[in-house]
Each structure stands twice: as C-alpha cells, then as structure tokens.
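Structural overview
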Amino acid sequence: MAEITFFVKEATTGQVIQHIEHFLNEYDGMERVLIDTEDGEIKIEFNDNVITEEQIATALMEQNYLLH
C-alpha cells in the first residue's frame, strides 16, 4: 500500500469533498481518501499494484481540480 497527498484549493466545502471522495473511491485500488476541510489537503491510501500516483492525479485534474 502507498500513500500520496495532494492539496486541492476547492476541497473545502461539503459538496466538493463528497464529490472527490465518491469519484476517487470508484477506482480499483483505492483504500482510503481523507480530506482536511481547512486547507484542502487530500490524503489517499491506495494499492500501487493496481493504480498509480499519476493516474490518481490525472483523475483529479480531469474533474477540473487544481492540484498544488
């Protein structure tokens, strides 16, 4: 299992957080998605034998989220 952290400026409201959690959890290999509402920090635990960091970043960007 691997872990990655992204910062998404928009991830500070309930609706956006629910959307991110829902669509990321649809991907095979996702173990846990935790979002800090204060600063938009997203911590993701995932099976790196199934999905890569690049695929996760691409999935977020395809949803029009800006990664920091």
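Quick summary incoming for the structure in this document. What you see is a predicted model, and the numbers here were worked out from it, not measured in a lab. (Residues numbered from 1 in each chain as written. Predicted model: local features only at pLDDT ≥ 70, side-chain atom pairs only at ≥ 80, totals over all residues. Heavy atoms only, no water.)

1. With respect to the overall build of the protein
Scanning the protein from N- to C-terminus turns up two helices and three strands. Sequence-ordered secondary structure for the protein, helices as α and strands as β, is β-α-β-β-α. Taken over C-alpha atoms, the radius of gyration comes to 11 Å for the protein, in line with the 11 Å a tight globule of 68 residues would show. Considering only C-alpha atoms, the protein reaches an extent of 30 × 20 × 20 Å along its principal axes. Counting only residues that meet the buried cut, the protein has 37% of its 68 residues in that class. Contacts in the protein between residues far apart in sequence, at least 24 positions, make up 62% of those at least 6 positions apart. Within the structure as shown, the protein displays about 4,400 Å² of accessible surface, and the carbon and sulfur contribution to it stands at 43%. (Helix = DSSP H or I, 4+ residues; strand = E, 2+ residues; numbered from the N terminus. Rg over C-alpha atoms; globule rule 2.2 N^0.38 Å. Buried < 20%, exposed > 50% of the residue type's maximum accessible area, 1.4 Å probe, protein only. Contact = heavy atoms within 4.5 Å. Areas by Shrake-Rupley, 256 points an atom, 1.4 Å probe, with all protein chains shown as cover.)

2. Section: the nonpolar core
For soluble globular proteins, nonpolar side chains are generally found buried alongside one another. Grouped together as the largest cluster of nonpolar side chains are 22 residues, with contacts concentrated most on Ile 20, Leu 24, Ile 42, Ile 44, Phe 46, Ile 56 and Leu 60. Ranked by residues supplied to this core, first place goes to helix H1 (residues 14-25) with five residues. With residues up to four places along the chain from it excluded, the contact list for Ile 42 reads Ile 4, Thr 5, Phe 6, Val 8, Ala 11, Ile 20, Val 33, Leu 34 and Ile 35. (Core = buried A, V, L, I, M, F, W, Y, C linked by side-chain atoms within 4.5 Å.)

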